[in-house]
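Examining the three-dimensional arrangement
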Amino acid sequence: MKNIVLLTHGEFSKGIAQSCRFILGEVQNLKALSITMDENIAQTKQKLNDAIASFENDWPTILITDLPGGSTTQAAIGIMAEHPEIYLVSGLNLGLLVSLVMLELTDDREENLRQIRTALAEARDTIILINDQQAEPVSISDDGEL
């Protein structure tokens, strides 16, 4: 089992968590946190610490941020030393989130890292330019037929 914390700019985390639940149904131990322009790194770190402390278990935690160089990731890096059970992933998108939610993490850190790296590689492979996949344009009629 695992805990998942999403940390994004604005309300992105709440929307993507809702979309994930739309696809998978209820997702246990998923928290969606948002930062605003008024928050500083110290406040964001405190928000993260509070979220992690609120889990009623000591399972590994995947912390997912939206931008690798953003303030969300900087705050997350700042708490990693205090929480060795955290795996920090950045570059949140719905396909990645669904893949990470479906992982079965264990107490074996190396196995967990392997699983997360595989999910990241698979998510990267799904980011494509559809134009490059089609030999000729496809049009869809008003009734939804090709």
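Scroll up a little and you will see the structure.
So, here is what we can say about the structure in this document. (Residues numbered from 1 in each chain as written. Predicted model: local features only at pLDDT ≥ 70, side-chain atom pairs only at ≥ 80, totals over all residues. Heavy atoms only, no water.)

Observations concerning the packing of aromatic side chains
Considering all chains together, one arrives at zero aromatic pairs under this definition. We note Lys31 situated over the ring of Phe55; from NZ or CZ to the ring centre the distance is 4.9 Å. (Phe/Tyr/Trp six-rings, centres within 6.5 Å; stacked < 30°, edge-to-face > 60°. Lys NZ or Arg CZ within 6 Å of the ring centre and 35° of its normal.)

Focus on the packing of helix α4 (residues 94-101) against helix α5 (residues 109-125)
It is the contact of α4 with α5, at a shortest axis distance of 9 Å, that shows an interaxial angle of 155°. The orientation of α4 relative to α5 falls into the category roughly antiparallel. The way α4 lies across α5 gives a crossing that is right-handed. Across the interface between the two elements, Leu96, Ser99 and Leu100 from α4 touch Ile116, Ala119, Leu120 and Ala123 from α5. For the contact of α4 with α5, a count of residues per class yields six nonpolar, one polar and no charged. (Axes fitted to C-alpha atoms, helices over the stretch in contact; angles between N-to-C directions. Helix = DSSP H or I, 4+ residues; strand = E, 2+ residues; numbered from the N terminus. Parallel < 35°, antiparallel > 145°, perpendicular 65-115°, else oblique. Left-handed = near helix turned anticlockwise from the far one by under 90°. Contact = heavy atoms within 4.5 Å. Nonpolar A, V, L, I, M, F, W, Y, C, P; charged D, E, K, R; others polar.)

Some thoughts on a negative patch on the surface
A surface patch of like charges, here negative, comprises Asp58, Asp107, Asp108 and Glu110. Checked against the element boundaries, Asp108 lands in the loop between α4 and α5. (Patch = residues over 30% accessible without salt bridge, like charges linked within 9 Å, V, L, I, M, F, W, Y side chains within 5 Å. Areas by Shrake-Rupley, 256 points an atom, 1.4 Å probe, with all protein chains shown as cover. Salt bridge = Lys/Arg side-chain N within 4 Å of Asp/Glu carboxyl O. Lys, Arg positive; Asp, Glu negative; His and termini not counted. Charge placed at Lys NZ, Arg CZ, Asp CG, Glu CD.)

Description of helix α2 (residues 41-54)
Taking 1.5 Å per residue, 14 residues should reach 20 Å; α2 reaches 20 Å between its end C-alpha atoms and fits that length. What α2 keeps buried is the set Thr44, Leu48, Asn49, Ala51 and Ile52. One side of α2 carries all its buried residues, which in axial view fall inside an arc of 165°. Turned more than 90 degrees from where α2 packs its buried face, Ala42 and Ala53 sit exposed. Tucked inside the fold, the buried residues of α2 contact β1 (3-9), β2 (30-35), β3 (61-65), α3 (71-79) and β4 (86-90). Between the side-chain oxygen of the N-cap and the backbone nitrogen of Ala42 there are 3.0 Å, and the N-cap of α2 in question is Asn40. (Expected span 1.5 Å × (residues − 1). Buried < 20%, exposed > 50% of the residue type's maximum accessible area, 1.4 Å probe, protein only. Arc of directions from axis to C-beta. Polar contact = N/O pair within 3.5 Å; in protein donor to acceptor, adjacent residues only side chain to side chain.)

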